Amino acid sequence: MATVSLKNLVKKYGQLEVVHSIGLDVNDREFIALVGPSGCGKSTTLRMIAGLEDITSGEIRIGDRVVNDLPPRQRNISMVFQSYALYPHMTVAENMGFSLKIAGRTQPEIDAAVAEAARILSLGELLDRRPSQLSGGQRQRVAMGRAIVRKPDVFLFDEPLSNLDAKLRMQMRTEIKKLHAQVQSTVIYVTHDQVEAMTLADRIVIMRDGHIEQVGTPDEVFRRPATHFVAGFIGSPT
Ligand code: ADP
Ligand code: MG
């Protein structure tokens, strides 16, 4: 069960508190979008869940484990960033299989996992190419492929589409929805784009200045925004 639960989660950088005691319960297999203006603490929150950033206080649970002190690779999560960070000297297949290779898996196991990910993301034709021979959208699909080969319980996305043009962003939204349906994992998806959040997510978490303004389904936050800020951000009729 890949639930994610945040309790009184606080992050300070020196004296500056950027995440103010937030709480959130994400259900197993739920698609949660974390939205809000630039600088409100979305990436910091996601990075704390991933274990890439220490927490100042509070608790993070993934499934039935408190993961506060676990390193990223023991949390069974995969993270996809805005910058694809593919290895330029490796092929698509090697990029996708690399994390399994360093985890000591056998080549047949790696090949099977890569083939499965390539099928889900329609990357079959591209497995022998290098990143320089791919378009932006294809690179982002490889980055997602690399994340799914590890079969994580939880996917964390940090603005994965913001480097793509509008048309490609639309296509990739569909791909991400398809991916979520197929791999059946829990997703926490950070974006500053409310339309992207509304189309993708089961529930939306609206953040502002390091706290959570409202949590609800797209319909709830649109129809019943809890604050003027939410109404303005989501574009609800007033
Ligand atoms: P978002 O992803 O919503 O744009 P961030 O989580 O990146 O916001 O940042 C939240 C706040 O924390 C911002 O005010 C940012 O300047 C600050 N911040 C982020 N990383 C650091 C850091 N390493 N040191 C100091 N302040 C930081
Ligand atoms: Mg960010």
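Predicted model only: the values in this text are computed from it and were never measured. (Residues numbered from 1 in each chain as written. Chains lettered and ligands numbered in written order. Predicted model: local features only at pLDDT ≥ 70, side-chain atom pairs only at ≥ 80, totals over all residues.)

K.L.:
Run through the packing of helix 2 (residues 92-102) against helix 4 (residues 136-148), naming residues and quoting values.
P.N.:
The axes of two packed helices give the description: the angle between them and the distance between them. Between helix 2 and helix 4, whose axes approach to 7 Å, the crossing angle comes to 30°. Regarding the angle of helix 2 to helix 4, the classification is roughly parallel. As for the relative orientation of helix 2 and helix 4, their crossing is right-handed in sense. Contacts between helix 2 and helix 4 involve V92, N95, M96 and S99 on the former and, on the latter, V142, G145 and R146. (Axes fitted to C-alpha atoms, helices over the stretch in contact; angles between N-to-C directions. Helix = DSSP H or I, 4+ residues; strand = E, 2+ residues; numbered from the N terminus. Parallel < 35°, antiparallel > 145°, perpendicular 65-115°, else oblique. Left-handed = near helix turned anticlockwise from the far one by under 90°. Contact = placed C-beta atoms within 7 Å.)

K.L.:
Explain the sheet that holds strand 9 (residues 203-208) to me, and be specific about the residues and the numbers.
P.N.:
Strand order across the open sheet formed by six strands is 6-7-8-3-9-10, with mixed pairing between neighbours. Each edge of the sheet is formed by a strand with only one pairing partner; in this case those strands are strand 6 (77-80) and strand 10 (211-216). Geometrically, the sheet is characterised by an average inter-axis angle of 15° between neighbouring strands, direction not taken into account. (Pairing = 2+ DSSP bridges.)

K.L.:
Before we move on, could you go through the UniProt feature "domain: ABC transporter" (unreviewed entry) in the chain and cite the residues and values that matter?
P.N.:
Those residues carrying the UniProt feature "domain: ABC transporter" (unreviewed entry) are residues 4-234 in this numbering. Between the end C-alpha atoms of residues 4-234 the distance is 25 Å, and the span holds 37% helix and 26% strand. (UniProt positions renumbered as here; feature names shortened; annotations may be inferred.)

K.L.:
So, the packing of helix 2 against helix 3 (residues 107-120): which residues are in play, and what are the values?
P.N.:
Packing of helix 2 against helix 3 brings their axes to within 9 Å, and their N-to-C directions diverge by 130°. Taken together, helix 2 and helix 3 sit at an angle that is classed as oblique. Note on packing geometry: the crossing formed by helix 2 with helix 3 is right-handed. Contacts between helix 2 and helix 3 involve A93, M96, G97, L100 and K101 from the former and E109, I110, A113, V114 and A117 from the latter. Residues belonging to the contact of helix 2 with helix 3 are distributed by class as follows: seven nonpolar, one polar and two charged. (Nonpolar A, V, L, I, M, F, W, Y, C, P; charged D, E, K, R; others polar.)

K.L.:
Go over helix 3 with me, naming the residues and quoting the values.
P.N.:
Between the first and last C-alpha of helix 3 there are 20 Å, a value that for 14 residues agrees with the 20 Å anticipated at 1.5 Å per step. Residues of helix 3 that are buried: I110, A113, V114, A117 and A118. For helix 3, the arc enclosing every buried residue in end-on projection is 135°, short of the 170-degree limit, so these residues lie on one face. Seen from the buried face of helix 3, the exposed residues on the opposite side, beyond 90 degrees, are P108 and R119. On its buried face, helix 3 sits against helix 2 and helix 4. Directly after helix 3, the chain includes S122, whose backbone phi takes a positive value near 55°. (Expected span 1.5 Å × (residues − 1). Buried ≥ 20, exposed ≤ 12 C-beta atoms within 10 Å, placed from the backbone. Arc of directions from axis to C-beta.)

K.L.:
Requested: an account of the pairing of strand 10, with residues and values cited.
P.N.:
The side chains of a regular strand alternate, first on one face of the sheet and then on the other. Alignment of strand 9 against strand 10, held across five bridges, turns out to be antiparallel. The residue bridging V205 from the neighbouring strand is V215, located in strand 10. Counting the residues in the hairpin turn of strand 9 and strand 10 gives two residues, including D209, whose phi is positive at 45°.

K.L.:
Give a detailed account of the site of ligand 1, specifying residues and quantitative values.
P.N.:
Taken together, Y13, V18, G36, S38, G39, C40, G41, K42, S43 and T44 form the complete shell of residues around ligand 1. For the shell around ligand 1, the element with the highest residue contribution is helix 1 (residues 42-50), accounting for three residues. Across the shell around ligand 1, the residue classes break down as three nonpolar, six polar and one charged. (Near = placed C-beta within 6 Å.)

K.L.:
Lay out unusual backbone geometry with the relevant residues and their values.
P.N.:
Even without glycine at this site, Q184 takes up a positive phi of about 55°. With respect to the helices, strands and loops of the structure, Q184 is situated in the loop between helix 5 (166-183) and strand 8 (186-191). Backbone geometry places D209, a non-glycine residue, at a positive phi of 45°. A residue is classified by how many C-beta atoms lie within 10 Å of it, and D209, with 14 of them, is partly exposed.

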